[in-house]
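The lines below spell out each chain.
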Amino acid sequence: MLAQKSPQIEKAVGILKVLSQDERTRLLYEEREKARRDNQARFEGAYEQGEKSGESNKAIEVAKNALKDCLPIEKIEHITA
């Protein structure tokens, strides 16, 4: 059978079976999918925030080191922007 050869088709067949069941089952499936998507979005948002925080921390360290080396403020602003 074609579904056994392709993971995407197999997944689609599974979803079709769920959606063709009774309304309660379909609503439960849709709630689970929404929760999964919401969790994924929260995870991605937290990851992006962590990356931005890491970039900010790196800029602060660069600025501190540049100040120790007596670089002019204008130069520090340029290299940390």
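Below is a summary of the structure that appears in this document. (Residues numbered from 1 in each chain as written. Predicted model: local features only at pLDDT ≥ 70, side-chain atom pairs only at ≥ 80, totals over all residues. Heavy atoms only, no water.)

Remarks on the environment of E31
Then, in step 1: Mapped onto the fold, E31 is located in helix α3 (residues 23-68).
Then, in step 2: On a C-alpha basis, the gap between E31 and V18 in space is 13 Å, while along the polypeptide they are 13 residues apart. (Helix = DSSP H or I, 4+ residues; strand = E, 2+ residues; numbered from the N terminus.)

What about the pattern of salt bridges?
Then, in step 1: Scanning the model with the defined rule gives three salt bridges in all.
Then, in step 2: Here K34 makes a salt bridge to D38, at a shortest N to O gap of 2.8 Å. Pair noted here: K34 and D38 are both in helix α3, with a separation of four residues, about one helical turn.
Then, in step 3: Given the relative accessible area of 46%, K34 is considered partly exposed.
Then, in step 4: Overall, the relative accessible area of 29% leaves D38 in the partly exposed class. (Salt bridge = Lys/Arg side-chain N within 4 Å of Asp/Glu carboxyl O. Buried < 20%, exposed > 50% of the residue type's maximum accessible area, 1.4 Å probe, protein only.)

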